[in-house]
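# Residue-level structure breakdown
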Amino acid sequence: MANEVVLLDFKASPFAARVRIALEEKGIEYKSKVEDLSNKSSTLLTMNPVHQQIPVLIHNGRPICESMVIVQYIDEAWSHKPSLLPSDPYRRAHARFWADYIDKKVSS
Ligand SMILES: N[C@@H](CCC(=O)N[C@@H](CS)C(=O)NCC(=O)O)C(=O)O
């Protein structure tokens, strides 16, 4: 199967950075399409009609939205590569706690 990976991106966004880090850590090749958030592309509006926000990962034409959902998708879709999360459930819980903390701090 072809693996075309496109990220609807915005350089200053911590949410997009989270996805870029996950892609880099997994060694996944992708194309970054930087959005003008004051004049959103029709691609962004079509691919994320609910929130109309970046980041959006488009994998073989199919969109995935919300940075933490995207990171989890990347980990599962490329499960043959080393996991982004620790194998120990307690350490996984810690990693999720801090991801959630950052979400709440950045968006409050
Ligand atoms: N909860 C979202 C937050 C994404 C978000 O806030 N994106 C901002 C850029 S940092 C955005 O697209 N803003 C444009 C808008 O809301 O119109 C995620 O985790 O992906």
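Residues numbered from 1 in each chain as written. Predicted model: local features only at pLDDT ≥ 70, side-chain atom pairs only at ≥ 80, totals over all residues. Heavy atoms only, no water.

### Topic: the packing of aromatic side chains
Taken as a whole and judged by the stated rule, the model has four aromatic pairs. With 6.4 Å between their ring centres and 90 degrees between their planes, Tyr-73 and Trp-78 make a pair best called edge-to-face. A relative accessible area of 5% means that Trp-78 is categorised as buried. Centroid distance Trp-98 to Tyr-101: 5.2 Å. Interplanar angle 75 degrees. Geometry classified as edge-to-face. Of the two residues, Trp-98 and Tyr-101 both sit in helix α4 (residues 89-107), three residues apart, roughly one turn of that helix. Given the relative accessible area of 46%, Trp-98 is considered partly exposed. Look at Tyr-101 and you get partly exposed, because its relative accessible area is 38%. (Phe/Tyr/Trp six-rings, centres within 6.5 Å; stacked < 30°, edge-to-face > 60°. Buried < 20%, exposed > 50% of the residue type's maximum accessible area, 1.4 Å probe, protein only. Helix = DSSP H or I, 4+ residues; strand = E, 2+ residues; numbered from the N terminus.)

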